[in-house]
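# Architecture at a glance
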Protein chains: 2
Amino acid sequence: MGRILKKVKLPQATIARLPVYLRSLVMLTNKGEQIISSEGLASIAGTNAAQLRKDLSYLGEFGTRGVGYEVDQLINEISKWLGLLRDRTVVIVGLGRLGGALVGYQGFSEKGFKVVGAFDRDPAKVGTEADGVKIRHINELEDFTKSIVGGIDIGIIATQASSAQGIANRMVNAGIKAIINFAPITIEVPDGVVLRQVDLSVELQILSYYLQKG
Amino acid sequence: MGRILKKVKLPQATIARLPVYLRSLVMLTNKGEQIISSEGLASIAGTNAAQLRKDLSYLGEFGTRGVGYEVDQLINEISKWLGLLRDRTVVIVGLGRLGGALVGYQGFSEKGFKVVGAFDRDPAKVGTEADGVKIRHINELEDFTKSIVGGIDIGIIATQASSAQGIANRMVNAGIKAIINFAPITIEVPDGVVLRQVDLSVELQILSYYLQKG
């Protein structure tokens, strides 16, 4: 199975939909559902059945025509593809209100993303704790990252826009290979590092489009 | 121009990319750039030039072959398409840490999304202020919404998972037509209401996929 995983490269849009399918399937299993049709799952996930079937076809042969998918099997397969069968270590830089909310975000720890380090440059914050995580000075980022066995998997930037690129550079230098940027500015990372930009106002702008059609 | 806007229906994926193009263009204009090639803009926006040209072709005829797009013209056109030339009123329900961070999120007000109301059920919070916005009891949601001339455009749910569906129902009953749900649970809204689910852990799961390929 491991070999098959490595061979197929999923389309970017499919990768982005897998977590949504996963969330929908976990909801179903919590309700006690064991089998779900592609129409049913697509509807919960907010897509259409053809798209869902195409996405899942990249992962292998699942589901029985006219019956549906086994919920638990699909949860397991998607988790495997997303590399969620192991925990991931996370650091957050910038402990303002958004950073503070992210440190304690329940959805992270539930899904195996462990916030092990938090960093800020504000002397009033350094040395205190946020949700049981000690806040360290940003200058400790590199040493801390190197001190963690296996390194840090993911760095989250929740600083002001003006600091974001500098923090990204430091994360890259510290060996972090995956970065999420919440600061409202576009930053750049070298090849070999994966970057996701999260701009919360994008969602509002998308809604704004639909509002004017109404 | 208004008539043309109404005639064309954009693909969902294009709509979701327009805010990203807009952010990239604003960054360019802040740097003093007046013209940008499709390759240049695509690269900043994290897509490819063919996709960008296709997306923009839905909006009309822009850009000069071999030269590029006029940055200010494109900002104006995309803003028009997204309905961003007018302000939008927003309410936030759930003033926990995430809700508290959202009330003061600079990116909202900068882009014309005005948080005019904040609601919670915690007596310790009701009556206090968050970033200059008075926190009201959730039972005031309907009356408050009706009291605002033009109504409320967008409702943001930042409650616990268990409260999210109930709050969505109340927003719909109060006449709100666009909802963003940050609670980690899938909710449903009737036809005619637009819903965006935001799950911050989705971004971490996407990164997790790329980490295992490295």
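Structure shown above.
Predicted model only: the values in this text are computed from it and were never measured. (Residues numbered from 1 in each chain as written. Chains lettered and ligands numbered in written order. Predicted model: local features only at pLDDT ≥ 70, side-chain atom pairs only at ≥ 80, totals over all residues. Heavy atoms only, no water.)

## Here we look at the side chain of B:Asp55
Residue and element names in this part refer to chain B. Short version of the rule: A run of H or I in DSSP becomes a helix once it reaches four residues, and a run of E becomes a strand once it reaches two; helices and strands are each numbered from the N terminus. Burial here depends on accessible area, computed with a 1.4 Å probe over protein chains only, as a share of the maximum for the residue type. Under 20% is buried, over 50% is exposed, and the range in between is partly exposed. What qualifies as a polar contact is a pair of N or O atoms within 3.5 Å, subject to a donor-acceptor requirement within protein and to the restriction that residues adjacent in sequence count only when both atoms come from side chains. By definition in these notes, contact holds between two residues if any of their heavy atoms fall within 4.5 Å.
One can find Asp 55 in helix α4 (residues 49–57). Under the relative-accessibility criterion, Asp 55 is labelled buried at 1%. Polar side-chain contacts of Asp 55 include one of 2.6 Å to the side chain of Arg 17. Those residues in contact with Asp 55, other than ones at most four positions away along the chain, are Thr 14, Arg 17 and Tyr 21.

## Examining the side chain of A:Ser24
The residue A:Ser24 is located in helix α2 (residues 12–30) in this model. Here A:Ser24 is in contact with A:Leu41, A:Ile44 and A:Ala45, once residues within four sequence places are set aside.

## Quick word on the pattern of salt bridges
Counted only if it meets this: Salt bridge, as used here: a side-chain nitrogen of Lys or Arg that lies within 4 Å of a carboxyl oxygen of Asp or Glu.
The full count for this structure, using the stated rule, is 18 salt bridges over all chains. Between B:Asp199 and A:Arg23 there is a salt bridge; the shortest N-O distance is 3.4 Å. Placement of B:Asp199 in the loop between β9 (194–197) and α10 (200–213) and of A:Arg23 in helix α2 is noted, with the two residues assigned to different chains. Each member of the pair, B:Asp199 together with A:Arg23, is buried.

## Let's talk about the packing of aromatic side chains
We apply this condition: Stacked, tilted and edge-to-face are the three classes applied to pairs of Phe, Tyr and Trp rings, where Trp contributes its six-membered ring and a pair requires centres within 6.5 Å; stacked means planes under 30 degrees apart, edge-to-face means over 60, and tilted covers the rest.
According to the stated counting rule, one finds six aromatic pairs over all chains in the structure shown. Taking the centre distance of 4.8 Å and the plane angle of 65° together, the rings of A:Tyr105 and A:Phe108 count as edge-to-face. Both rings, one in B:Phe119 and one in B:Phe144, keep their centres 5.5 Å apart while their planes meet at 70°; by these two values the pair is edge-to-face. Of the two residues, B:Phe119 sits in strand β4 (residues 113–120) while B:Phe144 sits in helix α8 (residues 141–147), which places them 25 residues apart along the sequence. Exposure remark for B:Phe119: the relative accessible area of 0% places this residue in the buried category. Of the residues examined, B:Phe144 reaches a relative accessible area of 9% and is grouped as buried.

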